[in-house]
Amino acid sequence: MSIKDQKFSSRVNAIIQDIFSFDLRSLALFRIGLAMVIIADLIIRFGDIPPHYSDSGLLPRNTLINEFLKPWYWSIHVVSGDIFVQQLIFFAAIFFALLLLIGYRTRLATIASWVMLLSLHNRNPALLFAGDDTLRALVFWAMFLPLGAVYSIDSALNTSTKPLPKRVISGATVGFIIQLCYIYMFSAWFKHQSPLWSQEGSAVYYALSFDQYATRFGQFLLSLKPLLIPMNFGALWFEWLGALLLFIPWKNHFFRGIAIVAFISLHISFGLSFTIGIFPALCIAAWLTFIPSQAWDWLNKKTHTKERAGLRINYDKDCGFCKKIVLFLRTFLILPGTPLLVAQENPDIYADMEKYNSWVVEDWQGKRYFKWQGIIYVVGLSPILFWLAPILKLKPLAAIGNKVYEAIANNRRLAGKFTAPFKYTSFQVKPRLTFNIITLFILALVTLWNLTSFTNSYIFHQSPTTTSQVVRRVTHSKTAQRIRWLGALTRLDQSWSIFAPNPPRDDGWHVIIGNLKNGSQVDLLRNTNNISWDKPTIKERNKLYQNMQWRTYFINLNRNIGKKLYPHYGQYLCQQWNKSHQENQQLDNITIYFMSERTVPPGEAKTIEKKKHWQQSCTY
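The rules behind the values
- Residues numbered from 1 in each chain as written.
- Predicted model: local features only at pLDDT ≥ 70, side-chain atom pairs only at ≥ 80, totals over all residues.
- Heavy atoms only, no water.
- Helix = DSSP H or I, 4+ residues; strand = E, 2+ residues; numbered from the N terminus.
- Expected span 1.5 Å × (residues − 1).
- Buried < 20%, exposed > 50% of the residue type's maximum accessible area, 1.4 Å probe, protein only.
- Pairing = 2+ DSSP bridges.
- Axes fitted to C-alpha atoms, helices over the stretch in contact; angles between N-to-C directions.
- Contact = heavy atoms within 4.5 Å.
- Disulfide = S-S within 2.5 Å.
- Phe/Tyr/Trp six-rings, centres within 6.5 Å; stacked < 30°, edge-to-face > 60°.
- Lys NZ or Arg CZ within 6 Å of the ring centre and 35° of its normal.

### Re helix H13 (residues 225–241)
Then comes step 1: Its 17 residues give H13 an end-to-end C-alpha distance of 25 Å, which sits within 8% of 24 Å, the value for a rise of 1.5 Å per residue.
Then comes step 2: Turning to H13, its buried residues number three or more, namely Leu228, Asn232, Leu236 and Glu239.

### Structural notes on helix H6 (residues 106–123)
Then comes step 1: Spanning 18 residues, H6 covers 26 Å between terminal C-alpha atoms, matching the ideal 26 Å at 1.5 Å per step.
Then comes step 2: With 14 of 18 residues buried, H6 lies mostly within the body of the structure.

### Structural notes on the sheet that holds strand S9 (residues 587–596)
Then comes step 1: Taken together, the 4 strands give an open sheet; going across it, the order is S8-S7-S9-S10, and neighbouring strands pair in antiparallel fashion. Single-partner strands in this sheet number two, and they are strand S8 (521–523) and strand S10 (609–617). Between one strand axis and the next, the sheet turns through 25 degrees on average, direction left out of account.
Then comes step 2: Pairing of strand S7 (residues 508–516) with S9, which is carried by 9 bridges, proceeds in the antiparallel orientation. Residue Asn515 lies in a different strand from S9, and its bridge partner there is Asn589.
Then comes step 3: Packing of helix H30 (residues 562–578) onto the sheet brings it into contact with S7, S8, S9 and S10, and relative to S9 it is tilted by some 130 degrees.

### Regarding the state of the cysteines
Then comes step 1: A full pass over the atoms with the stated rule returns 2 disulfides.
Then comes step 2: For Cys319, the disulfide goes to Cys322, at an S-S distance of 2.2 Å. Every disulfide takes its handedness from the sign of the S-S torsion; for Cys319 and Cys322 that torsion is 80 degrees, giving right-handed.
Then comes step 3: Residue class for Cys322 comes out buried when judged on its relative accessible area of 18%.

### Side note on the packing of aromatic side chains
When we look at a pair of aromatic rings, we describe it by the centre distance and by the angle of the planes.
Then comes step 1: Applying the stated criterion across every chain, the model contains 39 aromatic pairs.
Then comes step 2: On the numbers, 5.2 Å between centres and 75 degrees between planes, the contact of Phe254 with Phe255 is edge-to-face.
Then comes step 3: Arranged with centres 4.2 Å apart and planes meeting at 10 degrees, the rings of Phe263 and Trp287 form a pair that is stacked. One end of the pair, Phe263, is in helix H14 (residues 252–273); the other, Trp287, is in helix H15 (residues 279–287), with 24 residues separating them in the sequence. Each member of the pair Phe263 and Trp287 is classed as buried.
Then comes step 4: Cluster of aromatic residues (ring-pair linked, three or more members): Phe22, Phe30, Phe176, Tyr184, Phe238, Phe263, Trp287 and Phe290.
Then comes step 5: Positioned over the ring face of Trp197 is Lys191, at 4.8 Å from the centre of the ring.
Then comes step 6: Positioned above the aromatic ring of Trp533 is the side chain of Lys610, whose terminal nitrogen or guanidinium carbon lies 3.8 Å from the ring centre.

### Quick notes on unusual backbone geometry
Then comes step 1: For the bond from Ala500 to Pro501, the omega torsion is -5 degrees, close enough to zero to count as cis.
Then comes step 2: Assignment of secondary structure puts Pro501 in the loop between helix H27 (484–490) and S7.
Then comes step 3: One non-glycine residue, Lys371, lies in the positive phi region at around 50 degrees.
Then comes step 4: Here Lys371 is to be found in helix H20 (residues 371–381).
Then comes step 5: In this structure, Phe499 is a non-glycine residue whose phi angle is positive, near 55 degrees.
Then comes step 6: By secondary structure assignment, the location of Phe499 is in the loop between H27 and S7.
Then comes step 7: Using a relative accessible area of 17% as the deciding quantity, one classes Phe499 as buried.

### Points about the sheet that holds strand S3 (residues 312–315)
Then comes step 1: Strand order across the open sheet formed by 4 strands is S4-S3-S5-S6, with mixed pairing between neighbours. Of all strands in the sheet, those bounded by a partner on one side alone are strand S4 (340–342) and strand S6 (368–370). Across the sheet, the mean angle from the axis of one strand to that of its neighbour is 30 degrees, orientation sign disregarded.
Then comes step 2: Bridge analysis of strand S5 (residues 360–362) against S6 gives 3 bridges, and the strand direction is antiparallel. The residue of S6 that forms the bridge with Glu362 is Arg368.
Then comes step 3: Along the sheet, H20 makes contact with S3, S5 and S6, crossing S6 at roughly 120 degrees.

Following this line, the structure appears as structure tokens:
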């Protein structure tokens, strides 16, 4: 190979590295954000275990299995319909997410979190929305990424002497990037087929007018009518082209930075404009993976001080607990270059350790700190937790801190039992050929399934072309049909039709009237004797829909799936009311109405149509 060819090959390799690699510090930040989103989602759902995940709720297991669970869908949650068992399963999922958060046995924790996530989503499909689909996809690819390489317990207890690379490139990094691009680009592709998005420019108006997702800020934007059309085309074309910033080969880190800021701003605006649950926070966490190494290196230089560079921590080599704790402190306080020294190797330091029964913290001028004062000093040097130091200095906290420190120092063996589960391991970040082959194969399948979802849409058939017919023949070939079960099994059978091809226009609200045995009526949704047919305000709607799951459920009641949901929802309402009321106060029957207020074009007057969707006896 000539020198010219070698230079060209090196340049191509460098470009590929720039585009498809992730900094390990960015992956760690993504891990923390992803885990926090999972934990928040589980905590929100935990309060609704009885109605959403038990046999006494909206969707008993036998109904799920017989009417809703698709072939190859599976769920651990169907092992029992008992509330206590469901709570145990939730606690297990939260435990795995906490392990992911702190980065202990990170890959296993990510796999376990993905399994629990699929199980949860398959247990009640009536509660799912776009944020859940995105979460499943991102956690899947996260299983193959080295999320625990830095800022984790795994990294703190890593015994390998070989330095970790700054960046990593693998089939999983390629898959993650392409997957994230698909979320935006396939969504834009769906939207582009609709005249509302691509010609009239009225789609944003319809999206902001959908009261089920409405926020006060969204209503404010809706009042800025001259801006709605530019916002429409801006959003559409940004979804088409924004992700392409990641693939610019020249100064890729600069364009990555632009993409990060732009997409995070986009999702902040989504979160302010629509009530869409975890979706904005999740996507913001995903974009943190693209923070370039140059940004981290600049931050390291900015936070480098002589105080941090001169910090030295001396610990007792005979105390296994002590060593692990200083390793954890160095890792999570982000003081990676701090020397951790064995006190026994320095007679002067060892004498102080024995005298004060304490670790010995030395500052850059040689001054020594002991016990709680040492903790305060080390925390004060942390570039992210420095603000805790003044709090830890407060006399009451300092007094308690010293007593706790002394109690631990006098009972090191007992304290060691708490850190014993955290084992030292040796690992390196080195992509494996097998993993690369598997992930690239899965990426090909994900591409196929995204194309399949698009070719199955009704809008695809309105203007067929030669290219579209070829794509359809591929996506509906016998080979493609034979492997569809893989998409169902892994829940990678995705479709990114978010507000697409058209924003929803079937707006309105439910009114549920309960007729009591004593002849009176109650409004079951608002739990009042005053029946109101008035349109609920945003505040009232937020009270009715306590979280995104309830909001999605009520939206689905007005869709085709609602025909299957109404009998079980009606039975749930009857049971919940009657078990807490006396005989003559119990429900005789219920009637569910939907006040249909279909969104009309700008300038036209809305009409409200009262529709009776369901009636059910509560006498069994």
